[in-house]
Amino acid sequence: KKMNTEYYRNISYKNQKEAVVLLLLIQNKPVTYQLFNTYFDDTKRTFQRIITTFRSALEIVSPNTYIIYDKQRKGYKLVQI
């Protein structure tokens with residue numbers, strides 16, 4: 001049986017925001033505040049907090065992987081050095 005999408009929306013909106021940002025990074029799509037705001041209608045502060053959280057997590061699990069701001073694409077992206 002297919003679950004109601006409202007059920008998924010209410011599980012944890014905060015975790016969903018983080019998951020969407022991470023999935024976009026993994027898919028090599030430019031992650032911008034504008035896109036984040038389109039999906040979630042949330043503040044730049046929340047967006048920056050999510051980016052900072054993933055940056056610090058990457059330092060622990062993958063020290064050669066970074067989230068950088070790409071000026072050409074005007075968004076954040078995942079890079080390995």
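Attention in this report is confined to the structure presented alongside it. Sequence order sets the numbering: in each chain, residues are counted from 1 along the sequence as written. Predicted model: local features are reported for residues with pLDDT of at least 70 only, side-chain atom pairs are reported and counted for 80 or more only, and whole-chain, interface and lining totals are derived from all residues. Hydrogens and water are ignored here; the side-chain numbers use all heavy atoms of the structure.

### A word on the packing of aromatic side chains
Then comes step 1: Aromatic pairs are defined between Phe, Tyr and Trp rings, using the six-membered ring for Trp, whenever the two ring centres lie within 6.5 Å; interplanar angles under 30 degrees are classed as stacked, those over 60 as edge-to-face, and all others as tilted. If you walk through the whole model with that rule in mind, you get 7 aromatic pairs.
Then comes step 2: When the ring of phenylalanine 36 is compared with that of phenylalanine 40, the centres are 5.3 Å apart and the planes differ by 50°; the resulting orientation is tilted. On the criterion of helical spacing, the pair formed by phenylalanine 36 and phenylalanine 40 is a turn pair, its members being 4 residues apart in helix 3 (residues 33–40).
Then comes step 3: Members of the aromatic cluster, connected to one another through ring pairs, are Tyr13, Tyr33, Phe36, Tyr39, Phe40, Phe47, Tyr69 and Tyr76. A helix here means a DSSP run of H or I that spans at least four residues, while a strand means a run of E at least two residues long, and both kinds are numbered starting from the N terminus.

### A look at helix 2 (residues 13–26)
At 3.6 residues per turn, the α-helix brings residues three or four places apart onto the same side.
Then comes step 1: Expected span of a helix, by definition, is 1.5 Å for each gap between consecutive residues, and there is one gap fewer than residues. Taking 1.5 Å as the rise per residue, helix 2 with 14 residues should run 20 Å; its terminal C-alpha atoms sit 20 Å apart, in good agreement.
Then comes step 2: Partly exposed describes any residue whose relative accessible area lies between the buried limit of under 20% and the exposed limit of over 50%, with all areas from a 1.4 Å probe on protein chains only and scaled to the type maximum. For helix 2, the full list of buried residues reads Lys17, Val21, Leu24 and Leu25. Along helix 2, the residues classed as buried sweep out an arc of 105° about the axis, all on the same side.
Then comes step 3: We call two residues contacting when some pair of their heavy atoms lies within 4.5 Å. Of the surrounding secondary structure, the elements contacted by the buried residues of helix 2 are helix 3, helix 4 (44–61), strand 1 (65–70) and strand 2 (75–80).
Then comes step 4: With its phi angle positive at about 60°, asparagine 28 sits one or two positions after the end of helix 2. An arc is given here, and it is the one of the directions from the helix axis to the C-beta atoms.

### With respect to the pairing of strand 2
Then comes step 1: Of the strand pairs in this sheet, strand 1 and strand 2 are connected by 6 bridges, and their pairing is antiparallel. By the bridge assignment, tyrosine 66 is partnered in strand 2 with valine 79. Strand pairing follows a simple DSSP-based rule, namely that at least 2 bridges must link the two strands.

### Describing unusual backbone geometry
Negative phi characterises most residues that are not glycine, and trans characterises most peptide bonds.
Then comes step 1: One non-glycine residue with positive phi stands out, namely aspartate 41, at about 50°.
Then comes step 2: Looking at the element boundaries, aspartate 41 is found in the loop between helix 3 and helix 4.
Then comes step 3: Judged by relative accessible area, aspartate 41 falls into the exposed class, the value being 66%.
Then comes step 4: With a phi close to 55°, lysine 74 is a non-glycine residue in the positive phi region.
Then comes step 5: Looking at the element boundaries, lysine 74 is found in the loop between strand 1 and strand 2.

### Describing the pattern of salt bridges
Then comes step 1: By definition, a salt bridge exists where a carboxyl oxygen of Asp or Glu is found within 4 Å of a side-chain nitrogen of Lys or Arg. Evaluated as defined, the whole model comprises 3 salt bridges.
Then comes step 2: Between lysine 17 and aspartate 42 there is a salt bridge, with its nearest N and O atoms 2.4 Å apart. Here the residue lysine 17 occupies a position in helix 2, and aspartate 42 occupies one in the loop between helix 3 and helix 4, the gap between them amounting to 25 residues. A single burial state applies to lysine 17 and to aspartate 42, both of which are buried.

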